[in-house]
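# Observations on the three-dimensional arrangement
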Amino acid sequence: MRISNKRSRWNLLRRKKKANILESELPTQLLRDPFLLDYVKIEAYLAVVLGIRPSSLITIPAEFPNKDLYGKQIDALCREDLRILKNAGVADKPVLIQRLKEKIRKSFKQVVIESKAYQTHVKWAKQLFLQSYQVEVRPSIHEFYLFKDSHVERKLRRLVEVRKIAKKTALTDSPKVHAQRLNLVYGEEHSYDFLNSMGELLGYPSCCVQSYIEDRLQKNASVEIRASKQIEELRNNGEKPDTFAFFARNFFPCTPKCQKANAVGKSISAQLMDFSPKLADLHLDCLKKNVATIENYPESITRYKENLEKRAF
Ligand SMILES: [Zn+2]
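Here is a short report on the structure shown in this document. (Residues numbered from 1 in each chain as written. Predicted model: local features only at pLDDT ≥ 70, side-chain atom pairs only at ≥ 80, totals over all residues. Heavy atoms only, no water.)

Quick look at the coordination of the zinc ion now. In the first shell of the zinc ion, the protein supplies Cys-207 (SG), Cys-208 (SG), Cys-254 (SG) and Cys-258 (SG), at 2.3 to 2.4 Å from the metal. Here the donor residues of the zinc ion are spaced in sequence according to C-C-x45-C-x3-C. Note on Cys-258: relative accessible area 5%, which makes it buried. (Donors = N, O, S within 2.8 Å, 3.2 Å for Na, K, Ca; no water. Buried < 20%, exposed > 50% of the residue type's maximum accessible area, 1.4 Å probe, protein only.)

So this is what it looks like as C-alpha cells:
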C-alpha cells in the first residue's frame, strides 16, 4: 500500500513537471531554436517529455542542421592520415587503420562535440529534464539517446553489448553477410535481440517491430522498399496512408494504416494541441515529411548507398 502511494505521488509529480515544462516558455523557445531540426524537436524531445516514447535516438551529426559541414571538417582533419593509409604496404595497413580511426575520433570530438549544435542538444535535454546517453556507432557517427527513466539507461547499456556481439557474429559467422559490405557495417541489423530491444526502447508498436524483423531476417528484404511499395499500392487503390502512423523519422509501420502506430502519432498530436496549436501544426508537417521520405525511398536509396560507400569509417 505504501509503495503504491509513493508511486502515485511520484507519478503526480512527474505529471506536474511535464505540465510545467509544456506550459512554460520552453516549447516556444524550442520551436525557434535553429540548432535543432524540427522533427527532432517533436519526435525526439517532446514525444519523450510527454511520456509517449520511452526513449528516442538522434544520429549525430547526421541529424544536425548543416550536417554535411561536420563530415567535411572531419575529412579535412584526417586527410593526411588517409593519404598515408592509402599509400602504405599491406603489412602496415592494420596499424594505420587503427591510427586513422583514432584521428577520426579526436576530430569528431573537436568538430561535433564542441559544436554549438551539440551543446544546444545537451542544453535542451537538461532544460526538459531528459537524460542522455551516447553511443559510438562508428568513429564519425554517434547515437544520442534521450529518455526520462534510469531503467532505460540500463537497457541501452545492454543494447550496446548486444550490438557488439551481433557485429562480431556478422563478421565471423555468415558467408551470406560477407557478400555485402553494407551489411557488415550494420551487422546488428541481423540480430533479432538487437532489433526487438531497440524497437521497444524507441516506443515502436510490437506489430511494426515484428514486421521489420521478418523483412530483415527471414525475407532478407528491404524494409524501406516494402514500406514505400505499401504506400504506392494504397494510392493506386485510391486510398491514402494514415499520416499519424508515421510518428517518427526512420520508423516503418507494419502497414501504412497500422492502428497501433496511428494511436502513437495521434496521442502525440493531441497532447501537443493541448499546449500549443503551433506545436501540433509543426508535428503534422513532420509526419507528412516522414510519409514523403518513405514514399520517395526508391529514388534516394542509390544516393544514400553511394555516400555510405564513400565513408567507410
Ligand atoms: Zn504495426
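What follows deals with the packing of aromatic side chains. For the structure on display, the rule yields six aromatic pairs. Ring geometry for Tyr-204 and Phe-247: centres 6.1 Å apart, planes at 65°, overall edge-to-face. Within this pair, whereas Tyr-204 is found in the loop between α10 (192–201) and α11 (206–218), its partner Phe-247 is found in the loop between α12 (223–236) and α13 (259–275), the two being separated by 43 residues in sequence. Take Tyr-204: its relative accessible area is 18%, and that puts it in the buried class. Taking the centre distance of 6.3 Å and the plane angle of 35° together, the rings of Tyr-212 and Phe-252 count as tilted. Placement of the pair is Tyr-212 in helix α11 and Phe-252 in the loop between α12 and α13, with a sequence separation of 40 residues. Note on accessibility: Tyr-212 and Phe-252 belong to one class, buried. The ring of Tyr-39 carries the charged tip of Arg-249 above its face, separated from the ring centre by 3.9 Å. (Phe/Tyr/Trp six-rings, centres within 6.5 Å; stacked < 30°, edge-to-face > 60°. Helix = DSSP H or I, 4+ residues; strand = E, 2+ residues; numbered from the N terminus. Lys NZ or Arg CZ within 6 Å of the ring centre and 35° of its normal.)

This part takes up the packing of α12 against helix α14 (residues 277–295). Each pair of packed helices gets described by two things: the angle between the helix axes and the distance between those axes. Relative to each other, α12 and α14 sit at 105°, their axes nearing to 8 Å. Relative to α14, the element α12 lies roughly perpendicular. The residues of α14 that touch α12, namely those facing Glu-224, Ala-227, Ser-228, Ile-231 and Arg-235, are Val-291, Ile-294 and Glu-295. Considering only residue class, the contact of α12 with α14 consists of four nonpolar, one polar and three charged. (Axes fitted to C-alpha atoms, helices over the stretch in contact; angles between N-to-C directions. Parallel < 35°, antiparallel > 145°, perpendicular 65-115°, else oblique. Contact = heavy atoms within 4.5 Å. Nonpolar A, V, L, I, M, F, W, Y, C, P; charged D, E, K, R; others polar.)

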